[in-house]
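In case you want the letters, here they are:
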4 protein chains.
Amino acid sequence: MKFLNIFDPKKKTGKLFEGFILFLIIFSIILMSIETFPSISETHKQLLGRLEHYILIIFGLEYLIRIARSEKKLRYIFSFSGLIDALVIAPLFLTSGADLRILRGYRLLRLVQILKLAKYSSAIRRFQVALSIAKEEILVFLFFAFFILFVAAYGIFHFENSAQPKVFSSILDGLWWAVATLTTVGYGDVYPITAAGKIFTGLILVVGLGVVAVPTGLIASAITKARALETDNQRLSKKT
Amino acid sequence: MKFLNIFDPKKKTGKLFEGFILFLIIFSIILMSIETFPSISETHKQLLGRLEHYILIIFGLEYLIRIARSEKKLRYIFSFSGLIDALVIAPLFLTSGADLRILRGYRLLRLVQILKLAKYSSAIRRFQVALSIAKEEILVFLFFAFFILFVAAYGIFHFENSAQPKVFSSILDGLWWAVATLTTVGYGDVYPITAAGKIFTGLILVVGLGVVAVPTGLIASAITKARALETDNQRLSKKT
Amino acid sequence: MKFLNIFDPKKKTGKLFEGFILFLIIFSIILMSIETFPSISETHKQLLGRLEHYILIIFGLEYLIRIARSEKKLRYIFSFSGLIDALVIAPLFLTSGADLRILRGYRLLRLVQILKLAKYSSAIRRFQVALSIAKEEILVFLFFAFFILFVAAYGIFHFENSAQPKVFSSILDGLWWAVATLTTVGYGDVYPITAAGKIFTGLILVVGLGVVAVPTGLIASAITKARALETDNQRLSKKT
Amino acid sequence: MKFLNIFDPKKKTGKLFEGFILFLIIFSIILMSIETFPSISETHKQLLGRLEHYILIIFGLEYLIRIARSEKKLRYIFSFSGLIDALVIAPLFLTSGADLRILRGYRLLRLVQILKLAKYSSAIRRFQVALSIAKEEILVFLFFAFFILFVAAYGIFHFENSAQPKVFSSILDGLWWAVATLTTVGYGDVYPITAAGKIFTGLILVVGLGVVAVPTGLIASAITKARALETDNQRLSKKT
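K.L.:
When you look at the overall build of chain A in this model, what are you seeing that I'm missing?
P.N.:
Within chain A, the secondary structure is distributed over 10 helices and 0 strands. When its helices and strands are written in sequence order, chain A yields α-α-α-α-α-α-α-α-α-α. Looking at chain A residue by residue over its 240 residues, the buried ones come to 49%. Of the contacts made within chain A by residues no fewer than 6 positions apart, 63% connect residues no fewer than 24 positions apart. Carbon together with sulfur atoms contributes 68% to the accessible area of chain A, which is approximately 12,600 Å² in total.

Here you go:
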């Protein structure tokens, strides 16, 4: 089937097709954004809905062609990008009943393809190497982070519940406060007002920041390490 | 005593028992969380209380068996995990008078055991090596951090007390402001309104962030260092 | 033309002239700042405007002399600093119609010249090397950052729109929330109030901080790397 | 003068004296803190004032003895710690007229002595080495940080002044917003409400965080470097 050439990125038709799909991805995301505006009239909304439907059909066709084209069909279908492609076109078959709006969010996943097309594959590989280097540390820190989040949530509930029974009505409010505080976002919708709660906040911040903020530093230093490994490999391959 | 086999992690019964205790730890923490909800009726609260009591009794039995099983009994009792196990079952013997709710917090400490069971012991060891590498720097920075917190607290009180006598009523309010500001949480419940207070805030942030935020970076780079040391040791042991 | 000596930084007259221009840059920025004060009377505003006009004329003369002095005239005109110099004096010829106040902002660009004069050229070169080392990673992370910002914006709009239709009226409000949250600024003007929105915020923070905060760490570690490269080069040049 | 032995840290009397002065420093800082409480009666305030006066007299005596004891008197007087000691006792001679409360702040400087006594001198030296390694970069980044702060302040004033004339009344309000935003504190007392102001905030945060947050990473990585240099020196001294 010569027409499947459009998937061969080495040929001109393939590049044009990739560009067209890229354009549709970005266009469909812009449509998604426009639909959120409250000032849009019902007629325009229907027009947008129809446009989205047509784009999804094109994505669906692309999905079918990709299956037809790939040599190991099952492998593509159950690969990460294959599953994303399937999820993205799911709304085509779920129009009745299910809430389309959540499913629309799937389409954002196609953005990942933009990165695949870009020439930054070496930087992404480096990032994957970095993740595999620091994987264990990041998992341990995430565990500690959840542990500290829970301790913070339970502690602040314990100290503030009697003073602000509506603000800290259960441990869930404490958890929300802990997330906003230990990530240093600090919206200011919930905060301790008792002396005990404030002292507890100070203590948990001293310990907590040293745990919650470390993964960021770990990723950064692991990328540096990954870059160093790459240079070492290049040197070795030059020597031999 | 053959029945003590349940503590031998190499045997199947031991593994099952460890899993059961793990389940109880998580279950008791979920119970703790549920109890904080205000909508729970008195009858349900009593049921939860009784459930917690039974779990504590199992923890108490486990504690006794662990003592019986360990060869150096005193060493276990005064070890870190032994003391945690004792603290956790303390509410069993303190029912009258003392506030049970604070003591319930002790149970969170048992979460640490989950980590022990997990296979991430090498990452934890690396984290301990990192802490011992950066120990001195972290202590020096903590000292400087407390110094800057105090200077910030005294300074903001000095500049804002006359303009906002209720918000900055004493140095303690200044300290609360300093904690929220230098960790960059910034709830927005207390902030300077005078020009002098705002200039002071700007200056203390330039100096303070360079002190309060550094420990996080130190931990991250020390972990990188610890990983490098490990690789060096592995190379050395391979050579010899 | 002997009078062009004022551009020769090796001669005393050249240094004096550079100092004079530097003084005018800072003086004109101070004038810009003073003009923003609402308490300034109309008469003073006119005086400031006239002063600014005279300074621009001097900058214009300097621009002409620089062209006359440079050997490759076109190259200077289209160089980065040449274009800045042209932009800065643009308000002289655009007095009617166009809003002067925006154009005045151009003048801030001349601040860059202060750095050129300073002796920190080696640190700036190191910073440029660091940027070129980490360029790919930073671009990949910026892409991921924009991706996560968009996902966060769409998600929070989806979860909060029905509960707070005025606060989250479109995806733009979601984007504003996402910027304030993922940079951990957290003003507190917009924040989720539904349980689903709060859980979504927690999840997006765990993933998002590991993406949005990493570029900072990358720059810092790349500068360290650039410094190491410099030392290596110095050693190599000493050996030979 | 045998009684000057109290300054010889090798002798028992010297150590006792150092401990006594340390106790007085901490005691005087606690007194400073207590005085800020509004609930303290006039009688207690007078008592605290008298106590502080006595402590200052002891500090004054210590200052005189230190001069008498030191071999190069002028060098001590004009050394950093000598000037601090002089500043601390300054309130003794400035009781009339000048505001004692600001001068009291000087006393915090004596806290630095606590660090000198502690055994963490090697970590402090490492920190000094790190500062000298990263000095140029930190200065360049501080310059850029001030440049970005100014651009942010001028920009936000330009975009928000007409919409919020009271909140952003001059560039100073813009500067206060810029400090609170680029350090990610985000109190929430001032924030943009116009679309243009919000887009500007997003852009300035992308660029600004990469500048304002970098010095922290630089300090952390320079300390790691300083530690490595130390180990290298130790190896070299072992070899020879």
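K.L.:
Help me understand the interface of chain A and chain C in this model?
P.N.:
As a measure of interface size, the accessible area lost when the parts come together is often cited. Across the contact, 38 residues belong to chain A and 42 residues belong to chain C. Approximately 3,500 Å² of surface area, both sides summed, lies buried where chain A meets chain C, with 72% of it carried by carbon and sulfur atoms. Considering only the side of chain A, the residues that lose the most area to chain C are Thr36(A), Trp176(A) and Tyr187(A), jointly responsible for 19% of the buried surface there. Scanning the region where chain A abuts chain C turns up 0 salt bridges. One can count 4 residue pairs in polar contact (both at pLDDT 80 or more) joining chain A with chain C. Among the secondary structure elements, those contributing two or more residues to the side of chain A that touches chain C are α1 (12-35), α5 (100-104), α6 (111-117), α7 (121-160), α8 (171-182) and α10 (214-239) of chain A. By residue class, the composition of the side of chain A that touches chain C is 22 nonpolar, 9 polar and 7 charged.

K.L.:
I tried to follow helix α4 (residues 80-89) of chain D on my own but got confused; where do I start?
P.N.:
The α-helix winds at 3.6 residues per turn, so residues separated by three or four positions along the chain end up facing the same way. For α4(D), the full list of buried residues reads Gly82(D), Ile84(D), Asp85(D), Val88(D) and Ile89(D). Buried residues of α4(D) fall within an arc of 160° about the axis and therefore sit on the same side.

K.L.:
Please clarify how the environment of Gly155(A) should be interpreted in this entry.
P.N.:
Following the sequence through the fold, Gly155(A) ends up in helix α7. Between the C-alpha atoms of Gly155(A) and Ile171(A), which are 16 residues apart in sequence, the distance is 9.0 Å.

K.L.:
So what exactly am I meant to see when it comes to the interface of chain D and chain B here?
P.N.:
Contacts between chain D and chain B engage 38 residues on the former and 42 residues on the latter. Carbon and sulfur atoms supply 72% of the area that chain D and chain B bury against each other, a total of about 3,500 Å² over both sides. On the surface where chain D and chain B come into contact, there are 0 salt bridges. Remark: the boundary between chain D and chain B carries 4 residue pairs in polar contact (both at pLDDT 80 or more). Elements with a minimum of two residues in the side of chain D that touches chain B: α1 (12-35), α5 (100-104), α6 (111-117), α7 (121-160), α8 (171-182) and α10 (214-239) of chain D. Of the residues belonging to the side of chain D that touches chain B, the class tally is 22 nonpolar, 9 polar and 7 charged.

K.L.:
How should I be thinking about the relation of the copies chain A and chain C in this particular structure?
P.N.:
Comparison of the two chain copies shows a relationship of rotation about an axis with a shift along it. When chain A is fitted onto chain C, the two copies agree to an RMSD of 0.2 Å after a turn of 90° and an axial shift of 0.0 Å. Look at the turn and shift together and you get a four-fold axis relating the two.

K.L.:
What's the story with the packing of helix α1 (residues 12-35) of chain C against helix α2 (residues 42-69) of chain C in this structure? I'm lost.
P.N.:
Axes are the key here: two packed helices are described by the angle between their axes and the distance separating the axes. All names here are of chain C. Axis separation between α1 and α2 bottoms out at 10 Å; the angle between their running directions is 150°. Taken together, α1 and α2 sit at an angle that is classed as roughly antiparallel. Along this stretch, α1 crosses α2, giving a crossing that reads as left-handed. Seen from α1, the contacting residues are Phe17, Glu18, Phe20, Ile21, Leu24, Ile25, Phe27, Ser28, Leu31, Met32, Ile34 and Glu35; seen from α2, they are Lys45, Leu48, Leu51, Glu52, Ile55, Ile58, Phe59, Glu62 and Arg66.

K.L.:
Teacher, can you tell me more about the packing of aromatic side chains here?
P.N.:
Aromatic ring pairs are defined here through the distance separating the ring centres and the angle between the ring planes. Taken as a whole and assessed by the stated rule, the structure comprises 32 aromatic pairs over all chains. Ring geometry for Phe127(C) against Phe141(D): centres 5.0 Å apart, planes inclined by 80°, an arrangement best described as edge-to-face. Remark: Phe141(D) occurs in helix α7 and Phe127(C) occurs in helix α7 (residues 121-160); the pair is interchain, linking two chains. Each member of the pair, Phe127(C) as well as Phe141(D), is classed as buried. Between Tyr63(D) and Tyr76(D), the aromatic rings sit 6.1 Å apart at their centres with planes inclined by 45°, giving tilted as the arrangement. Taken together, the residues Tyr63(D) in helix α2 (residues 42-69) and Tyr76(D) in helix α3 (residues 73-77) connect sequence positions 13 residues apart.

K.L.:
When you look at the environment of Leu74(D) in this model, what are you seeing that I'm missing?
P.N.:
Residue and element names in this part refer to chain D. Within the fold, leucine 74 resides in helix α3. Of the residues examined, leucine 74 reaches a relative accessible area of 59% and is grouped as exposed. Along the primary structure leucine 74 and arginine 126 are separated by 52 residues, whereas in three dimensions their C-alpha atoms are 29 Å apart.

K.L.:
Looking at this structure, how should I read the nonpolar core?
P.N.:
One broad rule of soluble globular proteins: the nonpolar side chains tend to lie buried together. Formed by 134 residues in total, the largest nonpolar core has its most connected members in Trp177(A), Trp177(B), Trp177(C) and Trp177(D). Filtering out sequence-adjacent residues up to four positions away, Trp177(D) remains in contact with Tyr187(C), Ala152(D), Ile156(D), Phe168(D), Val190(D), Tyr191(D), Pro192(D), Thr201(D) and Ile204(D).

K.L.:
What should I look at first to understand α1(A) in this one?
P.N.:
Taking 1.5 Å per residue as the helical rise, α1(A) with its 24 residues ought to reach 34 Å, and the 35 Å between its terminal C-alpha atoms agrees with that figure. Inspection of α1(A) places Gly14(A), Phe17(A), Glu18(A), Ile21(A), Leu24(A), Ile25(A), Ser28(A), Ile29(A), Leu31(A), Met32(A), Ser33(A) and Glu35(A) among the buried residues, and these make up the whole buried set.

K.L.:
Would you mind showing me how to read the side chain of Thr194(A) here?
P.N.:
Mapped onto the fold, Thr194(A) is located in the loop between α8 and α9 (195-212). Excluding anything up to four places from it in sequence, Thr194(A) contacts Phe159(A), Glu160(A) and Ala163(A).

K.L.:
Would you mind going over the environment of Thr36(B) with me for this structure?
P.N.:
In this fold, Thr36(B) is placed in the loop between α1 (12-35) and α2 (42-69). Excluding anything up to four places from it in sequence, Thr36(B) contacts Tyr154(A), Phe157(A), Ser169(A), Ser170(A) and Ile171(A). Within the local environment of Thr36(B), its side chain forms a polar contact with the backbone nitrogen of Ile171(A), the two atoms lying 2.9 Å apart.

K.L.:
Would you mind going over the packing of α2(C) against helix α4 (residues 80-89) of chain C with me for this structure?
P.N.:
All names here are of chain C. Taken N-terminus to C-terminus, the directions of α2 and α4 make an angle of 150°; their axes are 9 Å apart at the nearest point. As α2 runs across α4, the sense of the crossing is left-handed. In this structure, α2 contributes Leu56, Phe59, Gly60, Tyr63 and Arg66 to the contact, and α4 contributes Gly82, Asp85, Ala86, Val88 and Ile89. Here the contact of α2 with α4 is composed, by residue class, of 6 nonpolar, 2 polar and 2 charged.

K.L.:
For this particular structure, what's the right way to read unusual backbone geometry?
P.N.:
A negative phi angle characterises most non-glycine residues, just as the trans form characterises most peptide bonds. All names here are of chain A. In this structure, threonine 184 takes a positive phi of about 60° despite not being glycine. Of note, threonine 184 is situated in the loop between α8 and α9. Assessed through its relative accessible area of 10%, threonine 184 is described here as buried.

K.L.:
What should I look at first to understand a nonpolar patch on the surface in this one?
P.N.:
Residues and elements named next belong to chain A. A surface patch of nonpolar side chains, about 410 Å² in accessible area, is lined by Tyr54, Ile57, Leu61 and Leu64. Mapping leucine 64 onto the fold places it in helix α2 (residues 42-69). A residue is classified by how much of its surface remains accessible, and leucine 64, at 52% relative accessible area, is exposed.

K.L.:
Just to check I follow, could you spell out the confidence of the model for chain A for this structure?
P.N.:
Should pLDDT be low for a region, the predicted coordinates there are not to be read in detail. This prediction gives chain A a mean pLDDT of 80; 84% of its residues lie at or above 70. Both confidence scores are given for the complex: pTM 0.85, ipTM 0.83.

How each quantity is defined
- Residues numbered from 1 in each chain as written.
- Chains lettered and ligands numbered in written order.
- Predicted model: local features only at pLDDT ≥ 70, side-chain atom pairs only at ≥ 80, totals over all residues.
- Heavy atoms only, no water.
- Helix = DSSP H or I, 4+ residues; strand = E, 2+ residues; numbered from the N terminus.
- Buried < 20%, exposed > 50% of the residue type's maximum accessible area, 1.4 Å probe, protein only.
- Contact = heavy atoms within 4.5 Å.
- Areas by Shrake-Rupley, 256 points an atom, 1.4 Å probe, with all protein chains shown as cover.
- Buried area = accessible area lost by both parts, 1.4 Å probe.
- Salt bridge = Lys/Arg side-chain N within 4 Å of Asp/Glu carboxyl O.
- Polar contact = N/O pair within 3.5 Å; in protein donor to acceptor, adjacent residues only side chain to side chain.
- Nonpolar A, V, L, I, M, F, W, Y, C, P; charged D, E, K, R; others polar.
- Arc of directions from axis to C-beta.
- Least-squares fit on C-alpha atoms with pLDDT ≥ 70 in both.
- Axes fitted to C-alpha atoms, helices over the stretch in contact; angles between N-to-C directions.
- Parallel < 35°, antiparallel > 145°, perpendicular 65-115°, else oblique.
- Left-handed = near helix turned anticlockwise from the far one by under 90°.
- Phe/Tyr/Trp six-rings, centres within 6.5 Å; stacked < 30°, edge-to-face > 60°.
- Core = buried A, V, L, I, M, F, W, Y, C linked by side-chain atoms within 4.5 Å.
- Expected span 1.5 Å × (residues − 1).
- Patch = residues over 30% accessible without salt bridge, like charges linked within 9 Å, V, L, I, M, F, W, Y side chains within 5 Å.
- pLDDT = per-residue confidence, 0-100.

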